[in-house]
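# Structural description and commentary
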Amino acid sequence: MTKTTTTTTELPEEVKSWIGQVRYEEPTEFEVERGYIFTSCASVQNGNPLYWDEAVADELTDGITAPPTMLSAWFRPHYWAPGRTKEAQPLQVHFDLKETLGLPEAVMTDNEIVFGVPVRPGDRLRTHQILRSVSDLKTTKLGTGRFWVIEVQYLNQNEELVGTESYTGFGYGRNA
Amino acid sequence: MAQAQLLLAGDVSVGDKLPPLPVDVSATTVILGALATRDWRPMHHDVDFAVNRNGTRDIFMNTPNLAAWFERYLTDWSGPRGRLGRMKFRMRDSIFPGDTMVFGGTVTKLETDDAGCCWAEISVQVTVGDKSPTDCTARIALPSAPDDNPWKRKADDWKP
């Protein structure tokens, strides 16, 4: 996506109103748990003893912690749950933008994560999302659409900031 | 405590290279990574969706799983006392089954903050053949001495 052309077009008022607004404050659907920590480490063959050796974890981190980069995993909704009539979406602001701007496809391009207090099994995290910006229309090799930046803040049950994640997405319609 | 690797800030210099890490990416790598990050979106497990809806050549690795790969690469080098403070990366292109992605890194900056925490800034490149689909800049805290431990830093002593 290095070659782009830009077209200035007005954003819908609804989308403008979302910029800077705290939205979708919600708890995670389950407590941080060790099974997912093992699965995450296995998926990237991460042998860091902090996650496998309780003696090392006790000495260095006062017990088992989760790999910091697992932050977003804890707040992704179950694929299905009883009574749910439609698929719950993580990063709902991203999907709101796709729908409201009529951009059916999207990819994430940039991601910045700042890590705070370590996350531990048993933690109950909460998140909220803030839309930071939406670009003019741009045409890339994928199609024509807009870039946007969404910030997600994560807190634990003690109101401590465990991390902040910033995503840049590109929502687009495929070129004919 | 089991003997764990210990890299001190004083052992590191700007320009140091991290050992390369080649990874053969399979469909299992992509799908396991997506499931481990609870990412159920079909472009990470459904070839037909990826090709015919997203316009990509195959399913492709998801962003949170790439973050986990970056973390693994960095802490393989630092050992367990290395504590990630910040990570920024850009996806220029996707990584597909059949690719061999090779991680390589360089120490670009060393500093000690006003709380006494030692930081190394690392530039990580991921190459696939002659392409570089993604790279990452990371800030990782390293112990200043054998009795220092960045994980013990709290509140104002932790400035990622």
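Read on for an overview of the structure. Just so it is clear, the structure is predicted and the values come from calculations on it, not from any experiment. (Residues numbered from 1 in each chain as written. Chains lettered and ligands numbered in written order. Predicted model: local features only at pLDDT ≥ 70, side-chain atom pairs only at ≥ 80, totals over all residues. Heavy atoms only, no water.)

Another aspect to go through is the interface of chain B and chain A. Counting from both sides, the interface comprises 43 residues of chain B and, opposite them, 48 residues of chain A. Summing the contributions of chain B and of chain A, the shared interface buries around 4200 Å²; its carbon and sulfur component is 51%. At the surface where chain B touches chain A, the tally comes to 4 salt bridges. A salt bridge links Asp62 of chain A to Lys152 of chain B, with the nearest nitrogen and oxygen atoms 2.7 Å apart. (Contact = heavy atoms within 4.5 Å. Buried area = accessible area lost by both parts, 1.4 Å probe. Salt bridge = Lys/Arg side-chain N within 4 Å of Asp/Glu carboxyl O.)

With that settled, consider unusual backbone geometry. The backbone of Gln45 of chain A shows a phi angle near 50 degrees, a positive value even though the residue is not glycine. One non-glycine residue, Arg38 of chain B, lies in positive phi territory at about 60 degrees. Tracing the chain through its elements places Arg38 of chain B in the loop between helix H1 (27-36) and helix H2 (47-54). (Helix = DSSP H or I, 4+ residues; strand = E, 2+ residues; numbered from the N terminus.)

Here the focus is the nonpolar core. Counting residues in hydrophobic clusters, the biggest one holds 79 residues, and the most contacted among them are Trp74 and Leu97 of chain A together with Trp77, Met101 and Phe103 of chain B. Those residues within four positions of Trp74 of chain A in sequence are excluded, and the remaining contacts are Thr28, Phe30, Val32, Glu33, Tyr36, Ile37, Ala66, Val119 and Leu125 of chain A. (Core = buried A, V, L, I, M, F, W, Y, C linked by side-chain atoms within 4.5 Å. Buried < 20%, exposed > 50% of the residue type's maximum accessible area, 1.4 Å probe, protein only.)

With that out of the way, let us pick up H1 of chain B. An α-helical turn contains 3.6 residues, so any two residues separated by three or four positions project in the same direction. Among all positions of H1 of chain B, only Thr29, Val30, Gly33, Ala34 and Ala36 of chain B are buried. Each buried residue of H1 of chain B sits inside an arc of 165 degrees when the element is viewed along its axis, so together they form one side. The inward-facing, buried residues of H1 of chain B abut helix H2 (34-43) and helix H4 (71-75) of chain A together with strand E1 (17-24) and helix H3 (63-78) of chain B. Trailing H1 of chain B by a residue or two, Arg38 of chain B shows a phi angle of about 60 degrees, which is positive. (Arc of directions from axis to C-beta.)

Residues of H2 of chain A that are buried include every one of Tyr36, Ile37, Ser40, Cys41 and Ser43 of chain A, and no others. For H2 of chain A, the angular spread of buried residues about the axis comes to 160 degrees, placing them on one side. Residues of H2 of chain A that are buried make contact with H4 of chain A together with H1 and H3 of chain B. Where H2 of chain A begins, the side chain of Glu33 of chain A points an oxygen toward the backbone nitrogen of Gly35 of chain A, at a separation of 2.7 Å. (Polar contact = N/O pair within 3.5 Å; in protein donor to acceptor, adjacent residues only side chain to side chain.)

At a closest axis distance of 9 Å, the pairing of H2 of chain A and H1 of chain B adopts a crossing angle of 155 degrees. When the interaxial angle is binned, H2 of chain A and H1 of chain B end up roughly antiparallel. Read as a crossing pair, H2 of chain A and H1 of chain B show a hand that is left-handed. Side by side, H2 of chain A and H1 of chain B meet where Tyr36, Thr39, Ser40, Ala42 and Ser43 of chain A of the first sit next to Leu32, Gly33, Leu35 and Ala36 of chain B of the second. When grouped by side-chain class, the residues that make up the contact of H2 of chain A with H1 of chain B number 5 nonpolar, 4 polar and no charged. (Axes fitted to C-alpha atoms, helices over the stretch in contact; angles between N-to-C directions. Parallel < 35°, antiparallel > 145°, perpendicular 65-115°, else oblique. Left-handed = near helix turned anticlockwise from the far one by under 90°. Nonpolar A, V, L, I, M, F, W, Y, C, P; charged D, E, K, R; others polar.)

What follows covers the pattern of salt bridges. Applying the stated criterion to the full structure yields 17 salt bridges over all chains. In this structure, Glu10 of chain A and Lys16 of chain A form a salt bridge, with 2.5 Å as the shortest nitrogen-oxygen distance. Judged by its relative accessible area of 61%, Glu10 of chain A is exposed. A salt bridge links Asp76 of chain B to Arg72 of chain B; its shortest N-O distance comes to 2.7 Å.

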